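As a plain string of letters, each chain reads:
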Amino acid sequence: MSIANHQAAVPAHAHHDDHAHDHHGPDKGWRRWVLATNHKDIGTMYLLFSLLMFFVGGTMAMVIRAELFKPGLQLVDPMFFNSMTTMHALIMIFGAVMPAFVGLANWMIPLQIGAPDMALPRMNNFSFWILPFAFSLLLGTLLVPGGAPAGGWTMYPPLSLQVGPSFPMLIFAVHLMGASSIMGAINVIVTIMNMRAPGMSLLKMPMFVWSWLITAYLLIAVMPVLAGAVTMLLTDHYFGTTFFEAAGGGDPVMFQHIFWFFGHPEVYIMILPAFGIVSEIIPTFSRKKLFGYDSMVYAIASIAFLSFIVWAHHMFTVGMPLAGQLFFMLATMLIAVPTGVKVFNWTATMFKGSLSFEPPMLFALSFLFLFTIGGFSGLMLAIVPADFQYHDTYFVVAHFHYVLVPGAVFGIMAAVYYWLPKWTGHMYDMKLAKTHFWLSTIFVNVLFFPQHFLGLAGMPRRIPDYNTQFADWNMISSIGGFGFGLSQLLFAYIVFSTIRGGVKASDNVWDEAKVHGLEWTVSSPPPYHSFETPPEVK
Amino acid sequence: MTSGHDRRRGVRRTALWLALLAAVFYFGFIAMGVWRSLH
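Nothing here was measured: the structure is a model prediction, and the numbers come from that model.

Attention shifts here to the pattern of salt bridges. Evaluation of the coordinates by the stated rule reveals two salt bridges over all chains. Put simply, aspartate 41 of chain A and arginine 32 of chain A hold a salt bridge, and the shortest N to O gap is 2.8 Å. Arginine 32 of chain A matches aspartate 41 of chain A in its accessibility class, with the two residues each being buried. Notably, a salt bridge pairs aspartate 251 of chain A with arginine 36 of chain B, separated by 2.9 Å at the nearest N-O pair. With aspartate 251 of chain A in the loop between α7 (207-238) and α8 (252-269) and arginine 36 of chain B in helix α1 (residues 4-38), this pair bridges two chains.

We now examine helix α10 (residues 293-306) of chain A. Residues and elements named next belong to chain A. Along its 14 residues, α10 runs 20 Å from first to last C-alpha, staying within 8% of the 20 Å computed at 1.5 Å per residue. Those residues of α10 that sit buried are Tyr293, Met296, Val297, Ala299, Ile300, Ile303, Ala304 and Leu306. If you follow the buried residues of α10, they end up packed against α7, α8, α9 (272-286), α11 (322-334) and α12 (336-350).

Size of an interface: often given as the accessible area lost when the parts come together. Tallying the contact residues gives 26 residues for chain A and 19 residues for chain B. Summed over both partners, the interface of chain A with chain B buries about 1,900 Å², with 79% contributed by carbon and sulfur atoms. Our count for the contact surface shared by chain A and chain B stands at one salt bridge. Remark: the boundary between chain A and chain B carries four residue pairs in polar contact (both at pLDDT 80 or more). Counting only elements with at least two residues in the side of chain A that touches chain B, the list comes to α6 (166-194), α7 and α8 of chain A. Tallied by class, the residues present in the side of chain A that touches chain B amount to 20 nonpolar, four polar and two charged.

All names here are of chain A. Where helix α3 (residues 39-67) meets helix α17 (residues 471-500), the closest approach of the two axes is 10 Å, and the angle between their N-to-C directions is 160°. One element, α3, and the other, α17, form an angle in the roughly antiparallel class. Once α3 is placed against α17, the crossing between them reads as left-handed. Contact residues: Leu48, Leu51, Phe54, Phe55, Met62, Arg65 and Ala66 in α3; Asn474, Ser477, Ser478, Gly481, Phe482, Gly485, Gln488, Leu489, Phe491, Ala492 and Phe496 in α17.

What counts, and where the lines are drawn
- Residues numbered from 1 in each chain as written.
- Chains lettered and ligands numbered in written order.
- Predicted model: local features only at pLDDT ≥ 70, side-chain atom pairs only at ≥ 80, totals over all residues.
- Heavy atoms only, no water.
- Salt bridge = Lys/Arg side-chain N within 4 Å of Asp/Glu carboxyl O.
- Buried < 20%, exposed > 50% of the residue type's maximum accessible area, 1.4 Å probe, protein only.
- Helix = DSSP H or I, 4+ residues; strand = E, 2+ residues; numbered from the N terminus.
- Expected span 1.5 Å × (residues − 1).
- Contact = heavy atoms within 4.5 Å.
- Buried area = accessible area lost by both parts, 1.4 Å probe.
- Polar contact = N/O pair within 3.5 Å; in protein donor to acceptor, adjacent residues only side chain to side chain.
- Nonpolar A, V, L, I, M, F, W, Y, C, P; charged D, E, K, R; others polar.
- Axes fitted to C-alpha atoms, helices over the stretch in contact; angles between N-to-C directions.
- Parallel < 35°, antiparallel > 145°, perpendicular 65-115°, else oblique.
- Left-handed = near helix turned anticlockwise from the far one by under 90°.

Any functional reading would require information that these geometric values do not contain.
As structure tokens, then:
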């Protein structure tokens with residue numbers, strides 16, 4: 001049975017309990033999706049939307065890598081190239097990674113805490129349906145005179161103000177995305193705090209739920225800060241204020257401070273749920289309990305706290321007092337401690353475990369190795385004198401792509417391969433999924449590892465042309481990019497063919513492994529209302 | 001176990017506090033910008 005029709009079985013299930021007044025299946029046709037309040041339907045829409053945006057943002061990445069395939073300007077004009085880097089980032093961050101995690105939260109949090117649904121289902125519907133409007137507006141900027149925003153996703157003034165009509169569209173789209181994220185985060189916290197099954201104390205919650213609880217607090221604290229920053233940009237542009245304009249007594253660097261006060265926690269918003277996912281998958285396929293559960297929770301909370309006091313490491317080169325540089329350098333390095341605790345615990349969970357290497361585990365292991373590379377290059381960038389050399393080079397591009405692609409994106413893919421059989425009731429083709437894993441892992445390294453060398457050799461980021469000394473590594477990186485992009489078509493094929501049909505998955509799904517959590521106690525696919533009677537947690 | 005009524009009240013109360021927190025961050029940062037551009 002597929003996601004689209006699995007609820008057809010539900011009225012039959014509901015028949016067991018005819019007298020219950022609120023047992024009902026989904027609406028028919030478009031009403032089911034447009035008026036959706038069911039957490040699974042909304043989760044599915046978030047995940048499909050995110051997949052679509054992943055390909056839209058990915059196409060923009062292909063334009064960038066095609067232009068950079070060899071030195072010289074060949075395919076697009078420089079302004080359009082800058083629009084591509086800006087839009088690629090905005091779409092991947094706000095349209096692909098964040099909605100994918102919200103989709104996973106929608107699907108899994110009620111199932112993992114034993115709740116019938118999310119606490120605020122109508123707000124849930126609203127927070128999803130804002131997104132297609134926000135991204136239509138953002139993508140619409142490609143069609144207006146003057147072109148799409150091209151000043152980078154960081155929107156630093158005065159550069160970001162030097163565009164045409166796309167500017168207010170960008171600001172409005174960012175506000176809409178922010179409103180959607182805040183509503184999603186409120187829903188997650190309210191659900192976790194009020195809807196847990198009896199007996200499920202906070203320190204009995206699955207790690208994915210913990211990671212999302214902390215992420216949701218980060219979202220509520222920082223998305224309004226981004227909204228405040230872009231509101232001030234808007235009033236500077238149209239209403240004569242001078243928040244960021246030196247000529248009027250304002251300070252352009254203040255924008256950078258405010259932006260990165262949002263921006264650094266944002267990085268953790270995109271990685272903490274992946275930590276939660278990996279903490280679910282590694283114990284299952286190691287056939288052991290997670291090593292150091294409590295310390296994992298405290299580590300996530302510590303990382304979240306530290307993420308608020310490191311923002312200025314993104315702007316060491318603006319000129320700040322030595323004491324400021326030292327503070328932000330040392331605070332940044334401190335993040336390695338809780339992150340190290342997590343990597344240690346994942347490794348210790350596998351130690352002497354009975355490991356098996358199904359696709360979710362392969363992606364989790366790849367995450368472990370490659371995210372750690374991204375973490376180490378982050379430590380290099382934290383060192384102030386070194387950062388003066390690396391700043392605005394391809395080394396930074398390599399660093400954050402290692403964190404976000406084999407980090408966040410592989411975390412999402414691991415989650416999809418882990419829970420897709422539960423969602424659809426079908427097992428996917430293992431061979432194809434493993435092929436997808438190997439292609440992705442090989443090409444992601446071919447794509448991003450050479451960018452470290454380019455950055456160390458001095459190639460600046462966000463340029464469409466470069467010195468011939470950078471030609472070889474750029475060509476290799478572009479080949480990796482095309483390979484990685486094409487490999488993801490296989491991912492889409494696997495997902496859609498599993499939704500359409502396939503071998504029936506059992507309720508336990510990973511029968512041979514040691515699954516943990518309430519989600520495995522319901523049928524595959526789960527009933528329309530997940531837990532009508534709350535389960536007892538011992 | 002909490003009753004349905006308590007739960008509904010808890011949901012409403014948590015949601016309102018969180019919305020207030022978000023509003024404080026939004027207006028607080030704009031107020032900081034105003035304060036900074038006046039001094």
